[in-house]
Amino acid sequence: MTSSPARVLTDDELDLLELALGGAIDRLPYAPAGPLTLTDTENTPLAEVAADGTLTPLKPVARALGPQWDESLRLAARDVAAESVPGTTAMWLAEAPTVEDGSVVTEAAAAGAVLLLVPASRHTEPGTVGAAGLTRAAQGLVEWIRDMLRDVSGEAGAREAEAQAAAEAIEDALRVVVVPYPRGGQAPAPADVAAAYGAERVVVPADLRSSPAGELLERFATARSNTLRAMYPEASAREVERAAAAGHRQGTVVFFTGLSGSGKSTVARALAAELDDDGLGATLLDGDAVRHHLSKGLGFDRESRETNVERIGYVASLVAKHGGIAVAAPIAPFESSRAKVRQLAESAGARFLLVHVSTPLEVCEARDRKGLYAKARAGEIPDFTGISSPYETPANAELVIDTSQVSVKDAVALVRKTLDAA
Ligand SMILES: Nc1ncnc2c1ncn2[C@@H]1O[C@H](COP(=O)(O)OS(=O)(=O)O)[C@@H](OP(=O)(O)O)[C@H]1O
Ligand SMILES: Nc1ncnc2c1ncn2[C@@H]1O[C@H](COP(=O)(O)OP(=O)(O)O)[C@@H](O)[C@H]1O
């Protein structure tokens, strides 16, 4: 048991801890002095920081799935440095390597040992090649170089044996190492990290690219597949294409709010169906359905409603985080929870569209689809929105629709127009 205060580490902080435990950095920029227990989000104690900043590991940092977690690649800096030979060059592969980069790497490997360092973050920005893709691309680069050298040595004729030996030496000189590397401002300089892994110099191939290659890469999202294949070794091209395809889809949360009977579910359902028909797909989080599943057992007091709405917002943001469209339709009467939901979506990189279905109370009450207003007026349902519980009118809705004035079809068209313009 430890009695020192605990700190739950963020993803970037975990990367820094891994770097420090592996000997790549001397001290943690976020916890230079203790006593402090560092934990992951599951509260597993990972390390102790003493008053003088000394780190004592307690448990290994949890590994996950993916090539970037492969134990034979994600090695401690001190272990790699212990095996490194003088004159080692590090290539910092922060982007998927191109054919041009492959030539730079081949040249360096002809002169001595080369560490292909893959800076692996736990975050991937949509549209960029993440840690898994970079690792596969680095491994693919080694294969690409090997195949290329075999072809060349096969054409060498009389000097075949000599060429073959040279090719093998180059292949042996290459080693892929995955480096935990945060995205944030506390990231150490690549040159310092490379030195800790035993390299004498670091080359960032992306910095050496010729300008035509740089210009082409800037346009890569629209480049035809064959252009990509000409520029990249097979493994890199696959990763760049995969990332570009994912990056094109920004997730969206369409969040309806309004009184019971205002028409939220009707419009939300019609919208989701139309999006499906267009092949866009939409996940519908209808108020009633959510109350039967996600929020079963919750009541209608303020706290329960806030919990309900925030749960919906959380699920919607998960859907949108990976490019999906979430359509939610709870009453969501309180501004504070609507603001939280917006913030959740926006921090997942999604667009957020608040649609206030502003149908007047008299119309909702006249509709009284479920007979609830009558019961609420008779005092049989407490805390009924609009009758005995408040509805805070949103001041920041992207769209306001009064379904006593606008048909379902036109309401859907208005939402889609707003979505297209966003
Ligand atoms: N007290 C009270 N107030 C308001 N609504 C009530 C209440 N009790 C039950 N219902 C039924 O629950 C539906 C609203 O649930 P929501 O999850 O959308 O509400 S909230 O966002 O948590 O405020 C709502 O459904 P809709 O009519 O689809 O809005 C009602 O049918
Ligand atoms: N233009 C309209 N848009 C949406 N609903 C409408 C419209 N005109 C009439 N209605 C009716 O109003 C009721 C709205 O109920 P519902 O969509 O369940 O509202 P909510 O989900 O806000 O409680 C439905 O019976 C629907 O048929």
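An unreviewed UniProt entry annotates the chain as Adenylyl-sulfate kinase of Myceligenerans crystallogenes. Listed under Sequence similarities (unreviewed entry) in UniProt, the entry text for the chain is "Belongs to the APS kinase family." The chain has a UniProt comment under Pathway (unreviewed entry) that states "Sulfur metabolism; hydrogen sulfide biosynthesis; sulfite from sulfate: step 2/3."

Draft legend 1. Layout of the sheet that holds strand β11 (residues 325-329). Spatial strand order, β10-β11-β9-β12-β13: five strands in an open sheet with parallel pairing. Edge positions in the sheet fall to β10 (283-286) and β13 (399-401), since each of these pairs with one other strand and no more. Within the sheet, the average angular offset between the axes of one strand and its neighbour, ignoring direction, is 15 degrees. Relative to β11, β10 is paired through four bridges, and the arrangement is parallel. Directly across from Leu-285, in β11, lies its bridge partner Ala-328. Sheet strands in contact with helix α11 (residues 264-277) are β9 (252-258), β10, β11 and β12 (351-357), and its direction is about 165 degrees off that of β11. Against the sheet, helix α14 (residues 335-347) makes contact with β9 and β12, and its axis sits at roughly 150 degrees relative to β12, the strand it touches most.

Draft legend 2. A look at the site of ligand 2. Surveying the vicinity of ligand 2 reveals 18 residues, the closest of which are Gly-263, Lys-264, Ser-265, Thr-266 and Thr-403. Going through the elements one at a time, α11 and α17 (408-421) are the ones with two or more residues in the shell around ligand 2. Here the shell around ligand 2 takes four residues from α11, the largest share from any one element. Among the residues forming the shell around ligand 2, the class breakdown is five nonpolar, 10 polar and three charged.

Cut-off values and rules
Residues numbered from 1 in each chain as written. Chains lettered and ligands numbered in written order. Predicted model: local features only at pLDDT ≥ 70, side-chain atom pairs only at ≥ 80, totals over all residues. UniProt positions renumbered as here; feature names shortened; annotations may be inferred. Pairing = 2+ DSSP bridges. Helix = DSSP H or I, 4+ residues; strand = E, 2+ residues; numbered from the N terminus. Axes fitted to C-alpha atoms, helices over the stretch in contact; angles between N-to-C directions. Contact = placed C-beta atoms within 7 Å. Near = placed C-beta within 6 Å. Nonpolar A, V, L, I, M, F, W, Y, C, P; charged D, E, K, R; others polar.

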